[in-house]
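These are the residues of each chain, in order.
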Amino acid sequence: MTATFAAIVWTLGLVAWFVIRLPYQRRARRIGISATQRTLTDRLALAASGIGLAVIPAFYLATGIPAAADYPFQPLLGWCGLLVQVLFLALFYASHRQLGRNWSVSLEIRNDHRLVTDGLYRYVRHPMYSSFWLWAIAQAFLLPNWVAGLSGLVGVGILFLARVGAEEAMMEKHFGEQYRSYAARTGRVIPRIF
């Protein structure tokens, strides 16, 4: 693998992310919301993840800036990045598909919202966040630049820390004991080993 091919892989991952998400985002706009926690913190966390996973790496690939943070490309890391990116996209697609009409980009409870506990959600409560962590890891492998490569990890870290607690509190408030029981038997983003 070459650095150019790795950059193409990263770019295709960004395009695939958009293609997967678009129909769910369009459908979500048509479904009523019964509860929301769209706060400034939530919006800033979403922005941080977008900047880290898309804006900074795209700017780097378009301009080469910051070149001072470059390090030699390692083909093995590029192949690992390709593999992790494929896993990210598969998990991202499956988590959207399994959430269906319950998905939203913000912290929201939809009308007729149901708690999804099957499929991927049988093992982890937040497989979509798991997919974002994989995306950030793939980016670190694919882009040989300390800033552009690692910005995804920073962005996802901010999103995860800012949102997951609030999201789980909202779900617990809405679903009560059903959610507490579900949370007790599943991992947040990594399956529990029994």
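Everything below is about the structure shown above.
Small disclaimer: the values here were computed from a predicted structure and weren't measured. Per chain, the residues get numbers from 1 upward, laid out in the order the sequence is written. Where totals are concerned, whole chains, interfaces and linings use all residues; where local detail is concerned, this predicted model gives features only for residues with pLDDT of at least 70, and gives and counts side-chain atom pairs only at 80 or more. Based on all heavy atoms of the structure, the side-chain values leave hydrogens and waters out of the count.

A. Structural view of the overall build of the protein chain. What counts as a helix is a DSSP run of H or I of at least four residues, what counts as a strand is a run of E of at least two, and both are numbered from the N terminus. Check the secondary structure of the protein chain and you find six helices and two strands. Sequence-ordered secondary structure for the protein chain, helices as α and strands as β, is α-β-α-α-β-α-α-α. The globule rule used for comparison is 2.2 Å times the number of residues to the exponent 0.38, while the radius of gyration itself is calculated over C-alpha atoms. By the compact-globule yardstick of 16 Å for 194 residues, the protein chain fits well, its C-alpha radius of gyration being 17 Å. When each of the 194 residues of the protein chain is scored for burial, the buried share is 45%. Contacts are residue-level and defined by heavy atoms, with any inter-residue pair within 4.5 Å sufficient. Considering only intrachain contacts with a sequence separation of at least 6, the fraction spanning at least 24 residues in the protein chain is 82%. Computed by Shrake-Rupley with a 1.4 Å probe, the accessible areas treat only the displayed protein chains as cover when residues are assessed. Total accessible area computed for the protein chain in this model is approximately 10100 Å², and 67% of it derives from carbon and sulfur atoms. A 1.4 Å probe rolled over the protein chains alone gives each residue an accessible area, and that area as a share of the maximum for its type sets the label: buried under 20%, exposed over 50%, partly exposed in between.

B. View of the side chain of D42. Within the secondary structure layout, D42 lies in helix 2 (residues 40-63). Judged by its relative accessible area of 2%, D42 is buried. Setting aside chain neighbours within four positions, we find D42 in contact with Q37, S106, L107 and R163.

C. Region of the structure containing the nonpolar core. In this structure, Y129, F132 and Y179 are the most contacted members of the largest nonpolar core, which totals 42 residues. Contributions of two or more residues to this core are made by helix 1 (3-29), helix 2, helix 3 (75-99), helix 4 (127-142), helix 5 (146-175) and helix 6 (177-185). With eight residues, helix 5 is the largest single contributor of residues to this core. With sequence-adjacent residues up to four places away left out, F132 is seen in contact with W17, R21, L53, F92, V156 and L159. What is meant by a nonpolar core is a set of buried Ala, Val, Leu, Ile, Met, Phe, Trp, Tyr and Cys residues, joined one to another through side-chain atoms within 4.5 Å.

D. Here's a closer look at helix 2. What is called the bend at a residue is the angle between a pair of axes, fitted to the seven residues leading up to and ending at it and to the seven starting from it. Along helix 2, the sharpest change in direction is near 45° and occurs at I51. Buried residues of helix 2: D42, A45, A48, S49, G52, L53, A54, P57 and Y60, and no others. Considering only its buried residues, helix 2 is in contact with helix 1, helix 4 and helix 5. Just downstream of helix 2, G64 is the residue with a positive phi angle, here 80°.

E. Structural context of the pattern of salt bridges. For this analysis, a salt bridge means a side-chain nitrogen from Lys or Arg found within 4 Å of a carboxyl oxygen belonging to Asp or Glu. The full count for this structure, using the stated rule, is six salt bridges. Across the pair E168 and R188 runs a salt bridge, and its minimum N-O distance is 2.9 Å. Here E168, found in helix 5, pairs with R188, found in the segment after helix 6; they are 20 residues apart in sequence, far enough to count as distant. The network of salt bridges with common partners includes R125, E168 and R188.

F. Geometry of the packing of aromatic side chains. Here the aromatic set is Phe, Tyr and Trp, taking the six-membered ring for Trp, and pairing holds for ring centres within 6.5 Å; pairs whose planes are under 30 degrees apart are stacked, those over 60 apart are edge-to-face, and all others are tilted. As enumerated under the stated definition, the model contains eleven aromatic pairs in all. Judged by centre distance (4.8 Å) and plane angle (10°), the ring pair of F88 and W135 falls under stacked. You can see F88 sitting in helix 3 and its partner W135 sitting in helix 4, a full 47 residues away along the chain. Taken as a pair, F88 and W135 share a single burial class, namely buried. Their ring planes at 65° and their centres at 5.9 Å tell us that W133 and F160 sit as a pair that is edge-to-face. Here the residue W133 occupies a position in helix 4, and F160 occupies one in helix 5, the gap between them amounting to 27 residues. Here F160 falls in the buried class, since its relative accessible area comes to 15%. Of the aromatic side chains, those joined through ring pairs into one cluster are W17, F88, F92, F132 and W135.

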